[in-house]
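Residues per chain are reported as follows:
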Amino acid sequence: MTTVEHIIADLALAESGRHQIRLAEQEMPGLMALREEFGDSQPLAGARIAGSLHMTTQTAVLIETLTALGAQVRWASCNIFSTQDDAAAAVVVGPGTFSAPSGVPVFAVKGETIREYWQYTDRILTWDGHDGPTIILDDGGDATLLVHEGVKAEKAGHVPPPLEEEDPAYNIEVEGMRHVLRASLEQDPTRFTRMAAGIVGVSEETTTGVHRLDQMHARGELLFPAINVNDSVTKSKFDNRYGIRHSLPDGINRATDVLMGGKVAFVAGYGDVGKGAAEALRGQGARVIVSEVDPICALQAAMDGYEVARIEDVVDRADFFITTTGNKDIIRVEHMAAMKDKAIVGNVGHFDNEIDMAGLARSGAKHQPIKPQVDEWTFADGHSVIILSEGRLLNLGNATGHPSFVMSTSFANQVLAQIELWVNLEAYPLGVHRLPKVLDEKVARSHLDALGVRLTELTEDQADYLGLPQHGPFKPDHYRY
Ligand code: NAI
């Protein structure tokens, strides 16, 4: 039916996916405004964008905004459970007629294996007739990591040999990536080196990916400039917080239908995601306990009216455990062993290592799948815990992620970052940069009309009094909102 390259669940889902995309467009005014503003001038003409970001309906609107601005795009999901198969099909078929597919190559299937995940990430970096993409659009940093690890492997001339699953150093993610690197090295020993030379930069979506970029840059390993989209105010203070406020209870409900009201919910981390999670659970009537390592965030949580405690002190009290830290080993086997019967355990931080799933598998607890992305693990004493999405992002694994409107604020930043890297690269030397505040305010502004917000305007006199430009930017870069 189609000549557009793809590995997706089922092309026949395209029609339903297209209708959902059409409805999402209505709720994504930021992206639609960018299509309107830049559709004629085609600022992304000539750009080859490799995108690694949850292949959802909202992402479909992002992809089609990038192509409307002139880019060529290839896409994979950044999580094995987050793909919406109908959206993936619609993107492959494209917005035109269902009988003449003309869309974007997508490599993403809900429930793909880890090995497939890395193969699909590799496919978005593979461009016929070119050494690779010109820009990466990343979420969590796996596409960027693959390029960097590829270059390292090529310099070293080898990739470490495979480990057996029994080996204590075995890590399924690392092995999946190395499998792809070994195949690449065998076929073309300079592929990633040439590819990296042609990549002008990456725009990174999330907190965890930005941490990785900062660490790479500190080690002197970063190969191309990066724009930190996460720390645009209109990203992290909106998507991370209000997005999770919506999609966390959505995931819990679709997975379990267990009433949250009156129960005790434990939230690890009170950053942007933790704040949204705690607010959502409280909104459902749960009594929420927060844990933090940062005294500022702990104090904020206390002032916001939450109990702040360590997990070991409340582990036998809570009915729900949600991790939001971006850190590892937050919920360990000894915690799960001490939980109430049928406690629900889930993670919304980027990677699954917040919950020690490998330890749980080794613990002797008995595994009973309940339905996709919902598993019961029963300990020897007879009590069990319910694990959502195998410890991976439950709001995307058990539900469909954040709603369109908030993703419009995030993705408008992504599109602006891609344009900046393509047409204004000299402003972004090797390093990790944020977008200028004027663009942050532009993104916010483009979402006001849809909500009926009427902005007050500074008079010239008031602007002079404050020493501000009358039409912004209104805050210094260090302002925290
Ligand atoms: P953040 O840095 O604002 O918040 C994380 C908080 O966790 C920090 O306040 C930190 O002090 C705390 N923390 C670290 N270790 C801890 C520990 N051992 N115990 C208790 N607290 C601890 O980061 P943000 O933006 O809230 O993101 C958190 C994670 O969520 C990241 O992995 C990010 O990539 C991911 N994310 C997930 C989304 C989703 O849709 N599920 C959306 C946006 C971000």
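Since the structure is predicted, the reported quantities are computational estimates derived from the model, not experimental observations. (Residues numbered from 1 in each chain as written. Predicted model: local features only at pLDDT ≥ 70, side-chain atom pairs only at ≥ 80, totals over all residues. Heavy atoms only, no water.)

For the rest of this paragraph, the subject is the sheet that holds strand β7 (residues 226-228). The 8 strands are arranged β1-β4-β3-β2-β5-β6-β7-β16 in an open sheet whose pairing can be described as parallel. Every other strand in the sheet has two partners, leaving β1 (6-7) and β16 (432-433) as the edge strands with one partner each. Taken together, the 2 bridges between β7 and β16 define a ladder with parallel strand orientation. When the sheet's bridge partners are listed, I227 is paired in β16 with H433. Contacting β2 (48-52), β5 (135-138) and β6 (201-204), helix α6 (residues 142-156) runs over the sheet at an angle of about 130 degrees to β5. Helix α9 (residues 207-218) rests against β6, β7 and β16 of the sheet, and its axis sits at about 140 degrees to β6. (Pairing = 2+ DSSP bridges. Helix = DSSP H or I, 4+ residues; strand = E, 2+ residues; numbered from the N terminus. Contact = heavy atoms within 4.5 Å. Axes fitted to C-alpha atoms, helices over the stretch in contact; angles between N-to-C directions.)

Among the 5 residues of strand β12 (residues 343-347), 5 are classified as buried, and the element is accordingly described as predominantly covered. Residue alternation in β12 divides its side chains into two sets, A343, V345 and N347 and I344 and G346, and both sets are buried. Pairing of strand β11 (residues 320-323) with β12 involves 4 bridges; the strand directions are parallel. Residue pairing in the sheet places F321 in a bridge with V345 of β12. When β12 meets strand β15 (residues 384-388), the two strands line up parallel, connected through 3 bridges. Bridged to A343 within β15 is V385. (Buried < 20%, exposed > 50% of the residue type's maximum accessible area, 1.4 Å probe, protein only.)

It is worth spelling out the site of the ligand at this point. The full set close to the ligand counts 26 residues, and T206, T207, T208, E292 and V348 are the nearest of them. Within the side chain of N240, an N or O atom sits 2.9 Å from an oxygen atom of the ligand. Here an oxygen atom of the ligand sits 2.9 Å away from a polar atom, N or O, in the main chain of H350. Computed on the free molecule, the ligand has an accessible area of 860 Å², of which 84% lies beneath the protein chains in the complex. At the level of elements, α9, α10 (233-256) and α11 (272-283) are the ones that each hand at least two residues to the shell around the ligand. The leading source of residues in the shell around the ligand is α10, at 3 residues. Partitioning the shell around the ligand into residue classes produces 7 nonpolar, 15 polar and 4 charged. (Near = heavy atom within 4 Å. Polar contact = N/O pair within 3.5 Å; in protein donor to acceptor, adjacent residues only side chain to side chain. Areas by Shrake-Rupley, 256 points an atom, 1.4 Å probe, with all protein chains shown as cover. Nonpolar A, V, L, I, M, F, W, Y, C, P; charged D, E, K, R; others polar.)

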